[in-house]
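Structural features, examined
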Amino acid sequence: MTTELATLQDLFSSSPALSEIPENASYLAGLPSLPLSDLLATPTALSTQSHMLTSSLTALAHTSYPTFLTLHKASSALLDSLSSLDTSLDALLVALPALDDAARTFARRVVLEQHDKLRDLLDVPVLIDTCVRNGLYAEALASLQAEVASSLHSMRWLLLNTLHEPARKLPAFWKAVQFLRRMQAMPESELALAFVSARIECLQNALQAVERDAGVSATATTDEGDTITGSSAADREKKMDLQAEDVARFLKKYVDVWREGAYDLITQYTMIFLARSTQHHHPSSSSSLLPAVSSPPDPAIKQTLPPTLLGLLLPTIRTYLRRAYPHLAPLATQLAYCSSAMARVGMDFRALVSPLITHAVVNGFARDIRTVAEREWSATLSNYSSPSPASKPTAPSTWLVSSSRPPPPLSSISLQPSSAPHVPPQILTTFSPLAVSLNTHLRALNRLRALAPMNALGGVLDALESALAKNAEGFLGYAKEWRGDAKEAEVIRAAGAAYVRVLIPFLRRAVVEGVFSSPWNTDDGRKGAAAQREANGTKGGVDGPSSLGIVLGDWECWLADAVPPP
């Protein structure tokens, strides 16, 4: 038995793969001490464990193969990165001597370029020392004073020129002003005025660059809406929108540049001069390290700074804002944000912007109606009216109505009070030109809905009524000049009744109720519109002696075959 055990140990120890691993050696050392039953069961147990391990590894390989692939890619990438790093380090070591030589060459070249200045600077002490040794004290002092004065003059010029540089920020300005104070170059008020003037000049240059890049300065005072031409109303609307987009883009950039420049100027002035004067009046241990301030800056500078800055913004806004219609809503939001930002530094100008926006809305809507709707109706009338007494005019039944059926009676042509303000009257579809004119006006109202401040109600209503009065007057002139048969005259009467009794009331109600959500059928609504007219500097209305009221009265008299009162 002893011989067999020795032979088993010899067998185990003869295999290097089994004996070199510590875990295997300890396991083999314990095998001889096991009973025979355990030794006989060991191969089966080992086989079972091997099978389980093989199955587990197989399952792991199937379920986690993306991890193995990612690990392989990461390891490969790491090796590539290390190789690249090693190559880059070798290249850096090779390039360092050349870089050192280039730096030395550059330093020598700079010294050579500044050789004359350096020699003059180094000769000053020698010259002064020579003058002192020879007893030429006056010459020594004069030479010293001349050099110092020249250096101080150059330094003062460079520091003042720093205030005019557009890219500089608060730290650079603070440093320049502190050196100017230490040099006592000028009184505090003059220094503050020089700073403000320099920064305002930089802001003006930046704003002029924006205006020059936009290419709008040459036509700043012209109303381009009145010169727009096109074969149809849609073409004119498209051209107006394109021009309005260009102006809106320019104003957006202009306001952004002004806001940044004005905010920086006020903040920098406050930090450099006003906070400094406060520390001068309330000294502390830290303020004793700063240069002494002879007197605080003139209060007039702080009082005139906001009006001066607003003078760079509001005239441009007043000139161009009306030409940006109907793209005014984003500009109004931007101006509100700009005003809120400037309110943090004590310059809230929202009350000044609101009337400008209202005026721009009214002016833009009036130009829209005048350029598109009014021209469309005038072109339609001119096409079908008689150009000369010798020519025969076009029959109204061929262009005023859309079908061969007789027009409805005058008593049935009216706007129903119960109809919705945003639903066009169905009866206008009987008269094709009126339907086209209505669509043109509705497109203008839809553009107005993008931004419709309540203060603009009176002005918008006046612009609409003025255009409608002009169109109604032209239509009435066409009706009075017609010399055809009675059937054609009835067509004109029906179309005229639809224009003055349906189209005009519907559009006025669409403005008041549909756009501004203000009641029109009540006395309060009419009083509100009248109040808006008075606030905008206009008077009158349909209920008063306005041009539209007079034309409507003339139409009703003509429809009733009555002579209008003088």
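Structure first, text after, so check above.
What counts and how
- Residues numbered from 1 in each chain as written.
- Predicted model: local features only at pLDDT ≥ 70, side-chain atom pairs only at ≥ 80, totals over all residues.
- Heavy atoms only, no water.
- Helix = DSSP H or I, 4+ residues; strand = E, 2+ residues; numbered from the N terminus.
- Contact = heavy atoms within 4.5 Å.
- Areas by Shrake-Rupley, 256 points an atom, 1.4 Å probe, with all protein chains shown as cover.
- Buried < 20%, exposed > 50% of the residue type's maximum accessible area, 1.4 Å probe, protein only.
- Phe/Tyr/Trp six-rings, centres within 6.5 Å; stacked < 30°, edge-to-face > 60°.
- Salt bridge = Lys/Arg side-chain N within 4 Å of Asp/Glu carboxyl O.
- 1 Å grid on protein atoms, 1.4 Å probe; cavity = no way out; pocket = protein on both sides within 12 Å on 5 of 7 lines; lining within 4 Å.
- Points joined across faces, edges and corners; volume = space filled by probe spheres on them.
- Nonpolar A, V, L, I, M, F, W, Y, C, P; charged D, E, K, R; others polar.
- Expected span 1.5 Å × (residues − 1).
- Core = buried A, V, L, I, M, F, W, Y, C linked by side-chain atoms within 4.5 Å.
- Polar contact = N/O pair within 3.5 Å; in protein donor to acceptor, adjacent residues only side chain to side chain.

**Describing the overall build of the protein chain**
- Scanning the protein chain from N- to C-terminus turns up 18 helices and 0 strands.
- Put simply, 78% of the contacts in the protein chain that link residues at least 6 apart link residues at least 24 apart.
- Carbon and sulfur atoms form 60% of the exposed surface of the protein chain, whose accessible area is close to 32,900 Å².

**Remarks on the environment of H164**
- Here H164 shows up in the loop between α7 (137-162) and α8 (170-183).
- We classify H164 as partly exposed; its relative accessible area is 36%.
- Note: C-alpha distance between H164 and I200 (36 residues apart in sequence) is 9.1 Å.
- If we skip the residues at most four places from it in the chain, H164 touches A198, R199, E201 and C202.

**Notes on the packing of aromatic side chains**
- Within this structure, the stated rule accounts for 14 aromatic pairs.
- Where F250 meets Y320, the ring centres are 5.0 Å apart and the plane angle is 70°; that geometry is what we call edge-to-face. With F250 in helix α10 (residues 233-281) and Y320 in helix α11 (residues 299-320), this residue pair connects regions lying 70 residues apart in the sequence.
- Looking at F250, the relative accessible area reads 4%, which means it is buried.
- Centroid distance Y384 to W399: 4.6 Å. Interplanar angle 5°. Geometry classified as stacked. With Y384 in helix α13 (residues 350-384) and W399 in the loop between α13 and α14 (432-448), the pair connects residues that are 15 residues apart, well separated along the chain.
- Feature note: the residues W377, Y384, W399, F475, Y478, Y499, W555 and W558 constitute an aromatic cluster, connected by ring pairs.

**Brief notes about the pattern of salt bridges**
- Enumeration according to the criterion identifies 16 salt bridges in this entry.
- Taking the shortest distance from any N to any O, the salt bridge between R508 and E465 comes out at 3.1 Å. Here R508 is found in helix α16 (residues 486-515), whereas its partner E465 is found in helix α15 (residues 457-481), with 43 residues between them in sequence.
- The closest approach of N and O atoms between E513 and R509, which form a salt bridge, is 3.1 Å. Here E513 pairs with R509, and both are found in helix α16, just 4 residues apart, close to one helical turn. Pair check on accessibility: E513 and R509 agree, each one buried.
- The structure contains a network of salt bridges with shared partners spanning E237, D368, R443 and R447.

**Structural notes on empty space enclosed by the protein**
- Counted according to the given criterion, the structure contains 2 cavities of 30 Å³ or more.
- In this structure, the second largest cavity spans a volume of roughly 40 Å³.
- Residue lining of the second largest cavity: E237, M240, D241, Y325, P326, D368, V372 and R447, and that is the complete set.
- At 3 residues, α10 tops the list of elements feeding residues into the lining of the second largest cavity.
- In terms of residue class, the lining of the second largest cavity is built from 4 nonpolar, no polar and 4 charged.

**Here's the deal with helix α9 (residues 188-214)**
- If you check α9, its first and last C-alpha atoms are 39 Å apart, about what 27 residues at 1.5 Å a residue would give, namely 39 Å.
- Two residues or fewer after α9 comes G215, characterised by a positive phi angle close to 70°.

**Brief notes about the nonpolar core**
- Ranked by internal contacts, the top residues of the largest apolar core, which has 111 residues, are W258, L309, F365, Y499 and W555.
- In terms of residue count, the dominant contributor to this core is α16 (17 residues).
- Excluding its chain neighbours within four sequence positions, the residues that come into contact with Y499 are W377, L434, L468, N471, A472, F475 and I504.

**Describing unusual backbone geometry**
- Going from Y325 to P326, the amide bond is cis rather than trans, its omega being 10°.
- Mapped onto the elements, P326 comes out in the loop between α11 and α12 (329-343).
- Its identity is not glycine, yet S517 carries a phi of approximately 55°, on the positive side.
- Along the chain, S517 falls in the loop between α16 and α17 (523-535).

**A short note on the side chain of H441**
- Along the chain, H441 falls in helix α14.
- A relative accessible area of 1% places H441 in the buried class.
- A distance of 2.7 Å separates a polar side-chain atom of H441 from the backbone oxygen of S437.
- If sequence neighbours within four positions are ignored, H441 has contacts with I369, A373, L464, L468, N471 and L507.

**Topic: helix α18 (residues 547-559)**
- Here α18 contains 13 residues, and its C-alpha end-to-end distance of 18 Å stays within 8% of the 18 Å for a straight helix at 1.5 Å per residue.
- For α18, every residue scored as buried is listed here: L548, V551, L552, W555, C557, W558 and L559.

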